[in-house]
Amino acid sequence: MNVSCSSELFSHPGKLLADHLTRVARIASSELLKKPVDKICNYSIENLAIFLEFCGFCHNLGKSTTFFQRYLFAPEEEKAHLKSMPETHHGLLSAIITYYCVVQYFDDDFLAYYSFLVVKRHHGNFRNILDESRISDKEIEVLKKQVDSIDACVFDNMINSLHNRGFKGKLSAKILTDWIYSFPDVMREHRRNLRRLGKREDIIPYILLNFLFSILIDADKCEAIFSRGIERPEVGMDISIVDAYKSTFLPSKKKINILRENAYKEIMSTEINPDKRIYSINLPTGLGKTLSSLAFALKLREKVAEDYNYVPRIIYSLPFLSIIEQNAKEYEKVLNAGNLPARTNILLKHHHLTDIIYDDGESEFDTDQARFLIEGWNGEIIVTTFVQFFYTLMSNRNSTLRKFHKIAGSIILLDEIQSIPTKYWELMKELFNIFTDVFRCYIIFITATDPYIIEKEHCISLADAKKYFKNEVLDRVVLKPVLERDMDLEEFINFINFEEDKSYLFVFNTISCARKFYELLKKQVDSIEIAFLSTHVIPKERLQRIEDMKKKRYRFAVTTQLIEAGVDIDYDVVYRDFAPLDSINQTAGRCNREGEKRGEVYIVSLRDENRRYAEYVYDSVLLDITRSLFTRRKNIAEGEFVDLLEEYYMQVKNRKSFDESRKLLDAVYRLKYTSIDGTPCIADFKLIDDDLPRIDVFVETDEDGEKLWQMYEELAEIKDPLKRRIMFDSFRADFYQYIISIPATTKNLPVIYEGLGYINRAGKSDYYDSITGYICEGKVLIW
């Protein structure tokens, strides 16, 4: 295709390539300069800003080819074919151009290779960087065709235009042609250096690469959607809004409320030294950790803004969806009490059931724009899951790494931190220390069971834990281990002494066990009085049952361990199948929370015909440590919990292997994002261990579900993938309220519709029980 020198090159339909490149360069560099970072890996923030300018100006120069321009303006019926052609792809060519410009300017091979990586993968996921340095003969042939197709006159005119806009690269079509032929030799030299990378055992190269990549891809997507950067709102949030909320509480002389207020005052009286960056709030269940941690974070936010002239975001992360909604509502009430709107740009929730709706009080955002803003954490207070947060720290995926840079300079609240698997403690310690040191983050651990992830001397305790754990007011619960023998479920239900005036919570280790016990229990009590919870009950019903349990509408509750952390339910008597001590302690927090009378938590050891249920789920070392601590103990008062937990975590630290952390850290040191030979890599990081292949199933339980499925089927009629995704996003959150995940190996799989299981209302009874959820056959089911 012949093009005159006056012709323009485009990045997207209706958008000039030069305009897109210029804006991405400016958005990326300005975003970096807003971070509270002086230098990383001996590179000044100013030089890194110039680096990102280069990446921004060059990241789409590969779109200058005739192949891409033809694809961009082709009729719809031709686009799919043109898009599949290797010559149309622009990532590798753009990356090679970026490398040339960066190495010419900085004379730094390491930084130049980073520019190659972030640009090459700006539309994809990171791979093992050693593999990225290999340019195949086939790729070289494609690159030559691409360069030959570029109109030199048009290209050079655009480069001159970019020079006038601040581009510092010495580049022309002729230089590019010559460079393509020599680039494979440059990569061969890099491979020799990359093989030595892991020997340094330095996490900084990983942090730097993810950080730069994150800013570039965020800026690129932002410009493509908005043609501008996103400015943060100026929000006057301080501890006064928490005090305003607290003033709405009815006066109470209950001893536990007085103790809760004392804990709040102790936390808030802590003098803040902004150079100290890791804190801990370790308090018994029911002493207001959620509110106290938010108040302290707001106080810290104000102090940091005053001392360092930047305003940190607050990122509040929790392990379970059931407490995300609960605590987000609490945050919303705090904002409202302080006369602040709980709009999305102020309070942003991000998890897989989030509504794709974004509100900043001024503009209207379509679904695509809202998705971008939510998934990019464009809010002042972010409430999100452990999955979202920790996969942002440890991932190779473009979609999760995009928000990596938003963590820099933030105040991070990690609730129920003990939920992190022990095998990752060493890994997390390294990451936490780097983020607080390099990115000036603050981390606040919030827990009733403080694990030894960070050494005590490096973590400032905001409350005297023992003072509260051992307070006579908190003699609410007695732990009663009954571990002399294992019981099957028939023996267990006969062991229980039901009392008319008490409520009962039963917590089991597997779905199968919980379901079987429910069937036994309803033979002895009215089934209307029993709540059942597991992940095989659709989220819509599960969350409603939790709300009803909070309102004490069920005298009995049968559940898996999903109820453990943070859910504000309260029962008189709890029976817990044997588990590690930290899990048992969390379960105890669902017993007699308000101290009305002394609650009882029985620990029993249940088994099926093969083995103990606990052994299906938990690490044998953790179980062994817990069992040894319970030896010869018949009754354990709440005041003894803190000493028992200290002993437990000390033994865990001494006995538990951290090989998994060390393997992943080695992958981090080597920038080994993926692996083709089965050796450990960054992509192996899994917060939840579940090697079973799974399939998502939509369960049509009611009329609303029926309408949602009809809407889902109608998506097939929308041919344009972008329009189809936007339409799905408009009802996505409601749709996922009917989705459960089941083992793909179950014997009674439902109809599979385009990879998604489907159960309609008419045939529901064959697959789904309205109380206990999906009727799986053939496996011991966990959670």
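Look up a bit, the structure's there.
Residues numbered from 1 in each chain as written. Predicted model: local features only at pLDDT ≥ 70, side-chain atom pairs only at ≥ 80, totals over all residues. Heavy atoms only, no water.

### So, the overall build of the protein chain
A tally of regular secondary structure across the protein chain gives 31 helices and 24 strands. On C-alpha atoms alone, the protein chain measures out to a radius of gyration of 28 Å, which is about the 28 Å that the 2.2 N^0.38 rule sets for 783 residues. Within the protein chain, the proportion of its 783 residues that are buried is 58%. By sequence separation, contacts in the protein chain at least 24 residues apart represent 78% of the contacts at least 6 residues apart. Surface exposure of the protein chain reaches about 32600 Å², of which carbon and sulfur atoms provide 47%. The averaged location of the 120 negative side-chain charges in the protein chain is 2 Å from the averaged location of its 107 positive side-chain charges. (Helix = DSSP H or I, 4+ residues; strand = E, 2+ residues; numbered from the N terminus. Rg over C-alpha atoms; globule rule 2.2 N^0.38 Å. Buried < 20%, exposed > 50% of the residue type's maximum accessible area, 1.4 Å probe, protein only. Contact = heavy atoms within 4.5 Å. Areas by Shrake-Rupley, 256 points an atom, 1.4 Å probe, with all protein chains shown as cover. Lys, Arg positive; Asp, Glu negative; His and termini not counted. Charge placed at Lys NZ, Arg CZ, Asp CG, Glu CD.)

### What to know about helix α23 (residues 539–550)
Over its 12 residues, α23 runs 16 Å from end to end, which matches the ideal 16 Å to within 8%, given 1.5 Å per residue. Residues of α23 that are buried include every one of Pro-539, Arg-542, Arg-545, Ile-546, Asp-548 and Met-549, and no others. Looking at the packing, one finds that the buried side of α23 touches α15 (321–337), β14 (530–533), β15 (556–560), α31 (732–736) and β20 (739–743). Looking one or two places after α23, you find Lys-552, whose phi comes out positive at around 60 degrees. (Expected span 1.5 Å × (residues − 1).)

### Some points on the packing of helix α26 (residues 620–630) against helix α27 (residues 641–655)
It is the contact of α26 with α27, at a shortest axis distance of 10 Å, that shows an interaxial angle of 140 degrees. With respect to each other, α26 and α27 are oriented oblique. Where α26 crosses over α27, the two elements pack in a sense that is right-handed. For the pair formed by α26 and α27, the contact residues are Val-621, Leu-622, Asp-624, Ile-625, Thr-626, Ser-628, Leu-629 and Phe-630 on the first element and Leu-644, Glu-647, Tyr-648, Gln-651, Val-652 and Arg-655 on the second. Residues that form the contact of α26 with α27 fall into these classes: eight nonpolar, three polar and three charged. (Axes fitted to C-alpha atoms, helices over the stretch in contact; angles between N-to-C directions. Parallel < 35°, antiparallel > 145°, perpendicular 65-115°, else oblique. Left-handed = near helix turned anticlockwise from the far one by under 90°. Nonpolar A, V, L, I, M, F, W, Y, C, P; charged D, E, K, R; others polar.)

### Description of the sheet that holds strand β8 (residues 381–385)
What the seven strands build is an open sheet, ordered β7-β8-β6-β9-β10-β5-β11; its pairing is parallel. The open sheet has two free edges, formed respectively by β7 (347–350) and β11 (460–461), since each of these has just one partner strand. Here strand β9 (residues 411–415) runs beside strand β10 (residues 442–447); their pairing, made up of five bridges, is parallel. Across the sheet, Asp-415 pairs through a bridge with Ile-446, a residue of β10. (Pairing = 2+ DSSP bridges.)

### Observations regarding the sheet that holds strand β22 (residues 756–759)
One open sheet holds the four strands; their spatial order is β20-β19-β22-β21, and the pairing between them is mixed. Of all strands in the sheet, those bounded by a partner on one side alone are β20 and β21 (751–753). Neighbour-to-neighbour, the strand axes of the sheet open up by a mean angle of 40 degrees, direction not taken into account. Sheet analysis places β21 next to β22, joined by three bridges and oriented antiparallel.

### Examining the packing of aromatic side chains
For any two aromatic rings, the description comes down to two numbers: the centre-to-centre distance and the angle of the planes. Taken as a whole and assessed by the stated rule, the structure comprises 68 aromatic pairs. Each residue in the set Phe-698, Trp-709, Tyr-712, Phe-728, Phe-731, Phe-735, Tyr-736, Tyr-738, Tyr-753 and Tyr-758 is aromatic and connected to the rest through ring pairs, giving one cluster. For the cation-ring pair, Lys-246 lies above Tyr-264, with the distance from its terminal atom to the ring centre recorded as 3.5 Å. If you follow Lys-403 out to its NZ or CZ, it ends over the ring of Trp-377, 5.4 Å from the centre. (Phe/Tyr/Trp six-rings, centres within 6.5 Å; stacked < 30°, edge-to-face > 60°. Lys NZ or Arg CZ within 6 Å of the ring centre and 35° of its normal.)

### Concerning the environment of Ala-683
When you line up the elements, Ala-683 lands in the loop between α28 (659–670) and β19 (694–699). Since its relative accessible area comes to 36%, Ala-683 is described here as partly exposed. Considered as a pair, Ala-683 and Lys-333 are 350 residues apart in the sequence and their alpha carbons are 38 Å apart. Discounting residues that sit within four places of it in the chain, Ala-683 has contacts with Asn-396, Tyr-673 and Thr-674.

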